[in-house]
Structures are given as C-alpha cells and as structure tokens.
Amino acid sequence: MTAKTAAAFVLALTAPFASGQGVPASASVWYTAKLVLEDGRPFPSVPLALPPLTGNSCLVHSIGLDGKILYSGPQADYVPADQSYTREAKVTDRCLAAFLIKGYGKVTVTLHDRAVIIVKRSGPEDEGLAVSVATLEAPEEARKAWEKGVKALDNQRWGQAEKELRRAVTIYPQYASAWTALGEALGELSRPAEARAAWERAIQADPNYVKPYVLLAQFAIREGKMEEASSVTGRALEVRYTQSVPVYFYNAVANLALGRLEAAEKSARKAVDLDPQHQLPKAELLLGTVLAGEGNRQGAVEHMKEYLKAVPKAQDAQQVKQRIAELER
C-alpha cells in the first residue's frame, strides 16, 4: 500500500468522526428503576453509571444514594455503519446498563421501567475501561454540576455544558470524567486547543481512564498527525485495564498510515478479537487492508468479507467487493 493510498483509506475509516458529529440528543422518554443491596443496607457511595457502549445500552441521567435510577433507553446512539452515524429511532424502557458500585465492582443489569434490581456481591472487575475511579470521590456539588453538564452535552447545548462542567472541575480538579466531557463540549465549540488541554487534564487526574486517550487520537487523526495518534494510543495501551476496541483501532489506523504494518496488524487483530459483536465493523476492514499490504491475500479477503457480512449495506460495500475480487485473482 502506498502512502497516498494509506492516507485515503485512513480518511475513509475515520470519516464518521468528523467535526460537528458529536454526542446525540438523548431520548425524550425517561423511565425509573432502582438498585438495592442484597442485605438491605444503603449504598456506601452513589453508584456510578458507566457510559453507554452499544445501541442497546440505557442512557442513565441520574442515580441517587438510595439507588433510584432515572434513565432513557435505548440510547439514541450513533452506530458505525454505512460510513456515517445514524440515529437509533426506537425508544424502549428495556435496555442494558452497567454501574460501578464501591465494594461491589462493576455490575451489569437489564433495566425496565420500575424494576427493582438486587445487587449481589461478586468479585471486582476491571473498571479502568470506561470510567474514572476518581469520580467515586467527587463531592456531591461537583457531581451535580457534572450531571447537568452531561445532560446539556447530550442535548447539544454546548455552551451550557461548558459552563456546568467547568464548575465541576473547579470544585473537584481531579474529576477526570468531567474534564473529558468538557473537552467534548469545547471540541463542538470549535476550540480544539482547549479541548486537547482538557483531555490531557483528564489523563493527569486519572491515567487509567481510557476515554480521553481515544478522543485525543481522533483529533490527531483528523488533522493528519499520525505520529501523535500513535503516541497517544500507545500511552493508552500501557494502562493495565485497557481492553478498549477504539484504542486498538486508532492505534492500528495510525500505524497503517505510518507504514508500520506489523504494529498495525497486531492492534487491528486485537480490536477484532475484542469486538465479536462487530460494534466497530471497520476493524475487520482495517485488518483486511493491513493484511493485503503485507501480501496475505487470503487473510485480507477473509476479514473484508467479515466486514461486508457485518454491514452489507455499507456505502463502501461495492468498493470493498471490487477489492476482494482483485485479491482473489
């Protein structure tokens, strides 16, 4: 693969993340449910809702020390398909949610309206993937400002989001998830330097929190700064909890553009292995392209076909089919 071809492919892969396509508005219908501990005791601290990960995830708006949850579902998420993000239309009260509960670790449940979920003690799970553990220590005033800021972000009220999130990090400077959300708001307000600075502050506050690394990598790739994208995702891969598909995906994209095919293959394979449900189907196409560049035609065809199987109506489906035909000659 030539540098020019690699660059064009990278741009195609990352097109869904172009500026202006931020967090969508949340669904308008909200529901309630409740978490309770198996022995009837109150929670030692407010359970922390993890960010939604799939189109079937709930979007948790608030949760109290009494375990009462206000949520909407499924999230009006952007799903990587057809080279663009499309808004999920249906609204239902039944969806998946994950919480980080002090002393209990990560708890994943299926919510439905007015459900009472009994939380039973189990072994702790790796929580560095999608949530900042430092958030558990945030004062109530900071947490409320963060909740307001995230809600404004969900509703695309960028200025209001910035105001509330700045208040949250002023009260609690170690609030990594608030710094991360602030960076998202600043990015939507076309202030990329400030957005980057906020994400770096998030990493300083909690180096195990993966999301700001991903957002920094997206920005770097959009600007053609592949060494920067490789570096920031490399830092994320040093986090002991890292099992993040986007981290491996963007690391592979950057290394492909830089001509580091061995490193690109390693990360692309990890992204594919961690994503059996094809939440990020482009990973299959990415791996196929890397293998083609290495001369492994059979492997390339296999993974390109997996991509088409996952998203048969993708806008680039015909182009991928033509590439498969070339490789099979």
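Given the structure is predicted, the values throughout are model-derived calculations rather than measurements.

Caption draft 1: View of the state of the cysteines. Overall, the coordinates contain one disulfide when judged by the stated rule. Cys58 shares a disulfide with Cys95; S-S distance 2.1 Å. Handedness here is read from the sign of the S-S torsion; for Cys58 and Cys95, about 110°, the answer is right-handed. Here the residue Cys58 occupies a position in the loop between β2 (48-49) and β3 (59-63), and Cys95 occupies one in strand β7 (residues 95-101), the gap between them amounting to 37 residues. No difference in accessibility class separates Cys58 from Cys95, as the two residues are buried.

Caption draft 2: Focus on the sheet that holds strand β1 (residues 31-37). Pairing is mixed across the open sheet formed by four strands, whose spatial order is β3-β4-β1-β9. Both edges of this open sheet fall to β3 and β9 (116-119), since each of them pairs with a single strand only. In this sheet, neighbouring strand axes are inclined to one another by 30° on average, regardless of whether the strands run parallel or antiparallel. Relative to strand β4 (residues 68-72), β3 runs antiparallel, the two being bridged by four bridges. Each residue of the ladder has a partner; that of Ser62, found in β4, is Leu70.

Caption draft 3: Main features of the nonpolar core. Counting residues in each nonpolar core, the largest one holds 73 residues, and the members touching the most others are Tyr175 and Leu286. Sort the elements by how many residues they give to this core and helix α8 (residues 245-257) lands first, with nine residues. Formed by 22 residues, the second largest nonpolar core is a distinct cluster that contains Leu37, Ala97, Ile101 and Ile117.

Caption draft 4: Just the packing of aromatic side chains, in detail. What the rule picks out here adds up to five aromatic pairs. Ring centres of Tyr172 and Tyr175 lie 5.6 Å apart, and the angle between their planes is 65°; on these two criteria the pair is classed as edge-to-face. The same class applies to Tyr172 and to Tyr175, which are both buried. Seen from their ring centres, Phe249 and Tyr250 are 5.3 Å apart, and the 80° between their planes marks the pair as edge-to-face. By the burial criterion, Phe249 is buried, and Tyr250 matches it. Here the aromatic cluster, defined as three or more aromatic residues joined through ring pairs, consists of Trp146, Tyr172 and Tyr175.

About the criteria used
Note that residues are indexed from 1 along each chain, following the sequence as it is written. The predicted nature of this model means local features are confined to residues of pLDDT at least 70 and side-chain atom pairs, given and counted, to a pLDDT of 80 or more, with totals for whole chains, interfaces and linings taken over all residues. For side-chain calculations, the full set of non-hydrogen atoms in the structure is used, while hydrogens and water are omitted. Disulfides are defined as cysteine sulfur pairs within 2.5 Å. Only DSSP runs of H or I reaching four residues or more are called helices, and only runs of E reaching two or more are called strands; each is numbered from the N terminus. Only protein chains enter the accessibility calculation, which uses a 1.4 Å probe; a residue is then buried when its area is under 20% of its type maximum, exposed when over 50%, and partly exposed in between. When DSSP finds at least two bridges between two strands, those strands are taken to pair. Every axis in this analysis is a line fitted to C-alpha atoms, fitted for helices over the stretch in contact. Angles between the N-to-C directions lie between 0 and 180 degrees. As used here, the term nonpolar core means buried Ala, Val, Leu, Ile, Met, Phe, Trp, Tyr and Cys residues forming a set that is joined through side-chain atoms within 4.5 Å. Pairing of aromatic rings covers Phe, Tyr and Trp, the last counted by its six-membered ring, and requires centre-to-centre distances within 6.5 Å; plane angles under 30 degrees mean stacked, over 60 mean edge-to-face, and any other angle means tilted.

Shape is all these values report; function is a separate question.
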